[in-house]
Amino acid sequence: MTAVTAFLALLGVGLVAYALLAGADFGAGLWDLLAGGDVSGAPARARIEHSIGPVWEANHVWLIFVITLFWTGFPPAFAAFASTLYIPLTLVAFGIIARGSAFAFRKASTELWQQRLFGAAFALSSVVTPFFLGAIAGALASGRVPPGIAKGDVVHSWWNPTGVLAGLLALVTTSYLAAVYLTRDAERDGEREVAEQFRRRGLISGVVAGVLALVGPFVLFADAPHFAERLTGNGFPELVASAVFGIASLVLLWRRRYVAVRVTAALAVASIILGWGLAQYPYLLPGLTAQQAAADPAVLRAALAALSVGAVLLIPSLAWLFVLFQRGVHPPVPATRGGAPPGSLTGGGRPPG
Amino acid sequence: MVLIVLAQTGAAPADLVAARSQMAFSLGWHIVVACLGVGMPAITMLAEWRGMRTRDPLYTRLAHTWARAMGVLFAVGAVSGTILSFEMGLLWPGLMGRFGDVIGLPFAAEGIAFFIEAIFLGIYLYGWDRLSPRVHLLSGVPVVVAGVASAFFVVTANAWMNQPTGFTLAPDGRAVHVHPWSAMFNPATPAQTVHMILAAFMVAGFLMASVYAVGMLRGRRDRYHRVGFLLPFAVAAAITPVQLVVGDWAARVVADRQPVKLAAMEGLYETGTSVPLHLGGLYLDDRLRYAVPIPYALSLLAHLNPHAEVQGLAAVPPDERPPVNMVHLAFQVMVGCGFFLLALGAWAAVTWRRRRDLPSTRWFLRAGAVSGVLAVVALECGWITTEVGRQPWIVYWILRTADAVNPAPGIGLGFFAVLVVYTVLTVASVYVLRRLAGRDPDEPETGIPVPAAPQEGSPLRADA
Ligand code: HDD
Ligand code: HEM
Ligand code: HEM
């Protein structure tokens, strides 16, 4: 494996990790929005806060990881990407600001009107951000971001059928993932009703995602035929895998196999991302391959070395974190996804990973 | 000056100004929170450690309070940092497309530091009752190390913009034969990183002390407030003299390596020998007016020789000179704040030696209350000196800011959007932090601080 492919693979890992971890945190925001009134929605909201509170920030670091590795590994491609897509990128950044801070503020505030205000900001931005992230992916996939600085159309590169489709798909899959994860969290903590509620939501969003996946190819063949051909060529195995895992997830969710469905749902989403990557490979942008855009080999090697050293530090730290917070303390503390406890001690706490 | 820069850009001139303002504004905002992120964990751990040693619950209570504020601050720091990494690309694609890889290594390393920080901060904030006191205290160490490391890494990238080394320019303008390690450890790195890290501890210490100084001015002179003031104040005041020495070192590096920046900092037009240092003044028509000269001082400070030659702005063509007044003023304000804070620390140290107590006059508390603001002012002015003093270059002598900016239409609107978003963010952060600070500090010590967010029975549920 050359340094370039190793770098691409790392980017892929970062992207999948972000989609599966932070994506679900965004999806939880959508469910927070749709949870209902202050009283009827309270249990679901409490569940959401409980589950994502300790983990969202560490999950979020994956995005920074992807962005900095992108510019380190493939600078000209990054420049083209960021300059043409500055509008959705700015909106994503605002969404991230609103979401993260509103979530922390909501936890630190005690009055109902404040919680409503911050809660609304948190929920709305949770919906907006994945949509634009998806639209960005759509712009790249449909080949509308040419190499060079700001050479693409700053609006129509992402505001087009493929971009909108990808945005909606991102929105629906993240909410689906969230519902699946939350169902299991709620069940484990003995919150039957909440678990049932999220199971229903999971089934609905799963079906919607399936419908989008069925319509998708028609949109793609009409709007981005080149990509559609490659997706059904290079990316075909992944497409099939995603469909299989997607259907399996619906069945498992229906039969209340909450642990197994976590795995299959995650695999379904990971397969879509991998399929996209394979369909594009070796091109990052139209006419620009990863090899052509790659940074100086010395840089790739140095960054890979630094990241390997980093991994040696990170893995045991993460393991300790996980073990530490899986152990209960006095009143038996329900463990949450990512292994962190309910933060009984701090305001908008910085989460463990 | 700005006009000259603008003449060369591919982007609309107003867009360049807007992009620069957007970058400056979001960096200027992030850096305050980032300094708290670097400095606060160490000071909090110090309180926790004193609490363990003296068995005085007061220190533990302080540590709990500060940890709670850290929770909010870190969330805000993370999101405001994220937008910065976006802006590097969407505002300055000309920089990232050509040199993104050259400064990539420190950013990759910074990513690791962020992960470590996030993990151990989680353990520290959520682990009070799960770990033995010793282990809990130790779990804070990686947070401090990672915070200092991330400050170090990101400032090496900035130092590289001031002293670009570690690559060869190919004819097509791309950087080739890159040596990422020598790019990271460029000549500007040592002084800039040390100066920045010390600044972070000063800002955190003085800001935290200010909060309690204000409390004492309002009549809350209990021991809780006194210790809450004294501990962070002592840390910051002890660092201040070192910081001034390091600042002097930084200035000498600038004199050797970025003479145009130094000339702008001093408002010096003509190259000369035995040059005086000027205090105050206004730079008009290539002359510094109304300033107080100190003979030989600039030659002496910059090159350790009262007769040394110091290069003036006239040595470079007008379109390569930064805006002088802004840089000169910012530099003087930074140095002024530094000396004020030094004097304040010395005052406290003298009375402390005499009678084991802080100066009893309200003036001391008033000065203590503004010390945090002044540390932040020094910090911002330092960055204005560095960044504006480098203009019109984004990469010194290699790439002009005007050539790096994103030429896409409408980019300038981003600045106004950023202004609105950050205004809301500032108001909300200050409001939430004030409420956290305002919670009754005198409630009985339970070993567990008042949960800011009782997750069991979340506030939402409780109110429902
Ligand atoms: C608490 C904050 C603080 C204080 C009291 C001082 N500084 Fe500073 N200074 C900074 C905080 C700062 C900074 C963190 O904002 C900068 C911006 C870039 C950097 O590396 O540090 C800076 C930059 C900076 C630079 C520009 C470096 C460059 O462009 O490469 C010089 C020459 C000085 N400082 C010199 C001084 C002197 C002579 C001081 C006092 C006598 C002083 N600073 C006090
Ligand atoms: C171009 C400049 C900068 C960029 C792109 C940047 C980027 C970031 C990012 C992405 C984060 C969030 C990490 C997370 O999610 O945990 C962050 C946080 C942080 N940054 Fe910056 N940063 C910049 C300037 C600085 C500077 C100059 C310092 C020096 C003190 C600094 C110190 C920190 C620290 C200590 C944190 C973590 C603490 C906190 O979250 O409050 N940053 N930065
Ligand atoms: C966090 C502390 C920092 C502050 C307060 C700060 C401040 C500023 C200011 C005032 C400007 C505008 C200069 C002008 O256009 O006249 C600027 C520009 C810029 N800064 Fe910094 N800076 C900081 C750290 C950094 C770091 C660590 C980096 C890089 C890694 C960086 C990269 C840039 C870039 C790319 C620009 C735009 C181009 C330019 O104007 O030269 N800054 N910053």
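Parameters at a glance
- Residues numbered from 1 in each chain as written.
- Chains lettered and ligands numbered in written order.
- Predicted model: local features only at pLDDT ≥ 70, side-chain atom pairs only at ≥ 80, totals over all residues.
- Heavy atoms only, no water.
- Helix = DSSP H or I, 4+ residues; strand = E, 2+ residues; numbered from the N terminus.
- Rg over C-alpha atoms; globule rule 2.2 N^0.38 Å.
- Buried < 20%, exposed > 50% of the residue type's maximum accessible area, 1.4 Å probe, protein only.
- Contact = heavy atoms within 4.5 Å.
- Areas by Shrake-Rupley, 256 points an atom, 1.4 Å probe, with all protein chains shown as cover.
- Lys, Arg positive; Asp, Glu negative; His and termini not counted.
- Charge placed at Lys NZ, Arg CZ, Asp CG, Glu CD.
- Donors = N, O, S within 2.8 Å, 3.2 Å for Na, K, Ca; no water.
- Tetrahedral: all angles 85-135°; square planar, octahedral: opposite > 155°, others 65-115°.
- Polar contact = N/O pair within 3.5 Å; in protein donor to acceptor, adjacent residues only side chain to side chain.
- pLDDT = per-residue confidence, 0-100.
- Phe/Tyr/Trp six-rings, centres within 6.5 Å; stacked < 30°, edge-to-face > 60°.
- Axes fitted to C-alpha atoms, helices over the stretch in contact; angles between N-to-C directions.
- Left-handed = near helix turned anticlockwise from the far one by under 90°.
- Near = heavy atom within 4 Å.
- Nonpolar A, V, L, I, M, F, W, Y, C, P; charged D, E, K, R; others polar.
- Parallel < 35°, antiparallel > 145°, perpendicular 65-115°, else oblique.
- Disulfide = S-S within 2.5 Å.
- Salt bridge = Lys/Arg side-chain N within 4 Å of Asp/Glu carboxyl O.
- Buried area = accessible area lost by both parts, 1.4 Å probe.
- Core = buried A, V, L, I, M, F, W, Y, C linked by side-chain atoms within 4.5 Å.
- Expected span 1.5 Å × (residues − 1).
- Bend = angle between axes of the 7 residues up to and from the residue.

Chemist: Even after reading the chapter, I still don't get the overall build of chain A, so can you show me in this structure?
Modeler: The helix and strand tally for chain A stands at 13 helices and two strands. In summary, chain A has a C-alpha radius of gyration of 20 Å against a globular reference of 20 Å for 353 residues, a match within 12%. For chain A, the proportion of its 353 residues judged to be buried stands at 60%. A separation threshold of at least 6 residues defines the contact pool for chain A, and within that pool the share at least 24 residues apart is 79%. Total accessible area on chain A stands at roughly 13,000 Å², and carbon and sulfur atoms take up 74% of it. Here chain A holds 23 positive side-chain charges and 17 negative ones, and the gap between their average locations is 4 Å.

Chemist: When you look at the overall build of chain B in this model, what are you seeing that I'm missing?
Modeler: If you tally the helices and strands in chain B, you get 17 helices and ten strands. For 464 residues, the compact-globule estimate of 2.2 N^0.38 gives 23 Å, and chain B sits close to it at 24 Å. Dimensions of chain B, computed from the C-alpha atoms along their principal axes, are close to 70 × 50 × 40 Å. Sorting the 464 residues of chain B into buried and exposed places 58% on the buried side. Partitioning the contacts of chain B with sequence separation of at least 6, the portion at a separation of at least 24 is 77%. Looking at chain B, you have 33 positive and 29 negative side-chain charges, and the mean spots of the two groups are 10 Å apart.

Chemist: What is the right way to look at the coordination of the iron atom of ligand 1 in this model?
Modeler: For a metal bound by four donors in a tetrahedral arrangement, the ideal donor-metal-donor angle is 109.5 degrees, while six donors in an octahedral arrangement ideally sit at 90 or 180 degrees. Residue and element names in this part refer to chain B. Taken together, the protein ligands of the iron atom of ligand 1 are H195 (NE2) and M334 (SD), with distances of 2.1 to 2.3 Å. Taken together, the six donor atoms coordinating the iron atom of ligand 1 span angles of 83 to 179 degrees at the metal, a pattern that classifies the geometry as octahedral. Separated by 139 residues along the polypeptide, H195 in helix α9 (residues 189-217) and M334 in helix α13 (residues 324-355) bring together distant segments of the chain.

Chemist: Is there a simple way to think about the environment of Q163 of chain B in this case?
Modeler: Residues and elements named next belong to chain B. Counting through the fold element by element, Q163 comes out in the loop between α7 (141-162) and β1 (168-169). Classification of Q163 by relative accessible area gives buried; the value is 9%. Considering only alpha carbons, one finds Q163 and M184, 21 residues apart in sequence, at a separation of 10 Å. In contact with Q163, not counting residues within four places along its chain, are N186, P187, A188, R257, Q258 and Y396. A polar atom in the side chain of Q163 sits 3.4 Å from the backbone oxygen of R257.

Chemist: Please explain the confidence of the model for chain A as it appears in this structure.
Modeler: Predicted coordinates in regions of low pLDDT should not be interpreted in detail. All names here are of chain A. Taken residue by residue, chain A gives an average pLDDT of 81. The fraction at 70 or more is 91%. When pLDDT is averaged over each element of chain A, helix α4 (residues 75-84) comes out on top at 91 and helix α2 (residues 42-52) at the bottom at 77. Segment residues 328-353 is flagged for pLDDT under 50; beyond a separation of four residues in sequence, or across chains, it makes 114 contacts in the model.

Chemist: Whenever I open this one, the packing of aromatic side chains confuses me. Can you help?
Modeler: Between two aromatic rings, the relevant description is the distance of the centres plus the angle of the planes. Under the defined criterion, the tally for this structure stands at 31 aromatic pairs over all chains. Their ring planes at 65 degrees and their centres at 6.2 Å tell us that Y212 of chain B and Y224 of chain B sit as a pair that is edge-to-face. Here Y224 of chain B lies in helix α10 (residues 223-257) and Y212 of chain B lies in helix α9, a separation of twelve residues in the sequence. Here Y212 of chain B matches Y224 of chain B in class, with each residue buried. An aromatic cluster of three or more residues is present, and its members are F70, W71, F78 and F81 of chain A together with F107 of chain B.

Chemist: What's the story with the packing of helix α1 (residues 3-33) of chain A against helix α11 (residues 258-280) of chain A in this structure? I'm lost.
Modeler: Packed helix pairs are specified by the crossing angle of their axes together with the interaxial distance, meaning the distance between the axes. Residues and elements named next belong to chain A. Where α1 meets α11, the axes come as close as 10 Å, and the angle between the chain directions of the two elements is 145 degrees. Two packed elements cross with a definite hand, and for α1 against α11 that hand is right-handed. Facing L15, V16, A19 and L20 of α1, the residues of α11 in contact are A266, V269, A270, I273 and W276.

Chemist: Can you walk me through the side chain of T401 of chain B in this structure?
Modeler: Residue and element names in this part refer to chain B. The residue T401 is located in helix α15 (residues 401-404) in this model. Look at T401 and you get buried, because its relative accessible area is 4%. In this structure T401 touches L16, R20, W92, Q391, P392, W393 and I394, once residues within four positions along its chain are discounted.

Chemist: What exactly am I supposed to notice about the site of ligand 1 here?
Modeler: Residues and elements named next belong to chain B. In the vicinity of ligand 1, 26 residues are found, and the nearest of them are Q192, H195, K261, M334 and L379. Note that a nitrogen atom of ligand 1 is positioned 2.8 Å from one of the side-chain N or O atoms of H195. With respect to ligand 1, the backbone of L379 contributes an N or O atom lying 2.8 Å from an oxygen atom. Per element, the largest residue contribution to the shell around ligand 1 is seven residues, and it comes from α10. Residue composition of the shell around ligand 1, by class: 16 nonpolar, eight polar and two charged.

Chemist: For this particular structure, what's the right way to read the packing of α2 of chain A against helix α7 (residues 161-188) of chain A?
Modeler: Residues and elements named next belong to chain A. Taken N-terminus to C-terminus, the directions of α2 and α7 make an angle of 100 degrees; their axes are 10 Å apart at the nearest point. Accordingly, the angle class assigned to the pair α2 and α7 is roughly perpendicular. Touching R47, I48 and S51 of α2 are L182, D185 and A186, all from α7. In terms of residue class, the contact of α2 with α7 is made up of three nonpolar, one polar and two charged.

Chemist: Before we go on, may I ask you to explain the state of the cysteines in this structure?
Modeler: One way to say it: the disulfide is the covalent bond shared by the sulfur atoms of two cysteines. All names here are of chain B. With the rule as written, the count across this model stands at zero disulfides over all chains. Of all cysteine sulfurs in the structure, the one in C381 sits closest to C337, which takes part in no disulfide; the separation is 6.3 Å. For C337, a relative accessible area of 7% puts it in the buried group.

Chemist: It is not clear to me how the coordination of the iron atom of ligand 3 should be interpreted in this structure. Could you clarify?
Modeler: Of all protein atoms, just one serves as a donor to the iron atom of ligand 3, and that atom is E387 of chain B (OE), at 2.1 Å. Relative to the assigned elements, E387 of chain B resides in helix α14 (residues 362-390).

Chemist: Looking at this structure, how should I read the pattern of salt bridges?
Modeler: Where charged atoms of side chains with opposite charge meet at close range, the side chains can pair. Residue and element names in this part refer to chain B. Evaluation of the coordinates by the stated rule reveals nine salt bridges over all chains. Across the pair D248 and R252 runs a salt bridge whose closest N-O atoms are separated by 2.3 Å. Within this pair, D248 and its partner R252 are both found in helix α10, separated by four residues, close to a single helical turn. Put simply, D319, E320 and R400 are held in one network by salt bridges that share partners.

Chemist: Before we go on, may I ask you to explain the interface of chain B and chain A in this structure?
Modeler: For interface size, the figure often reported is the accessible area lost on association. Facing 84 residues of chain B, the contacting portion of chain A comprises 92 residues. In total, chain B and chain A occlude about 7,700 Å² of area from one another, counting both sides; carbon and sulfur atoms represent 72% of this. Across the chain B-chain A interface, the total number found is eight residue pairs in polar contact (both at pLDDT 80 or more). It is helix α5 (residues 104-126) of chain B that contributes the most residues to the side of chain B that touches chain A, 18 residues altogether.

Chemist: Looking at this model, I keep getting lost on the nonpolar core. Mind explaining?
Modeler: Generally speaking, a soluble globular protein has its nonpolar side chains buried in company with each other. Counting 193 residues, the largest nonpolar core has F74 of chain A together with W92 and L95 of chain B as the members making the most contacts within it. Looking at this core, the element that brings in the most residues is helix α3 (residues 57-91) of chain B, giving 20 residues. With near-sequence residues (within four places) excluded, F74 of chain A lies in contact with V4, F7, L8, L11, L69, L284, A290, A293 and A294 of chain A. Grouped together as the second largest cluster of nonpolar side chains are 27 residues, L277, A297, L313 and V324 of chain B included.

Chemist: Even after reading the chapter, I still don't get α10 of chain B, so can you show me in this structure?
Modeler: Helical geometry: 3.6 residues make up each α-helical turn, so side chains three or four residues apart lie on a common side. Residues and elements named next belong to chain B. Between its first and last C-alpha, α10 extends 50 Å over 35 residues, near the 51 Å set by a 1.5 Å rise per residue. Of all the bends found along α10, the most pronounced is centred on T240 and spans about 35 degrees, while P241, a proline, follows it within four residues. Put simply, D222 is the residue that caps the front of α10, since its side-chain oxygen is 3.2 Å from the backbone nitrogen of Y224.

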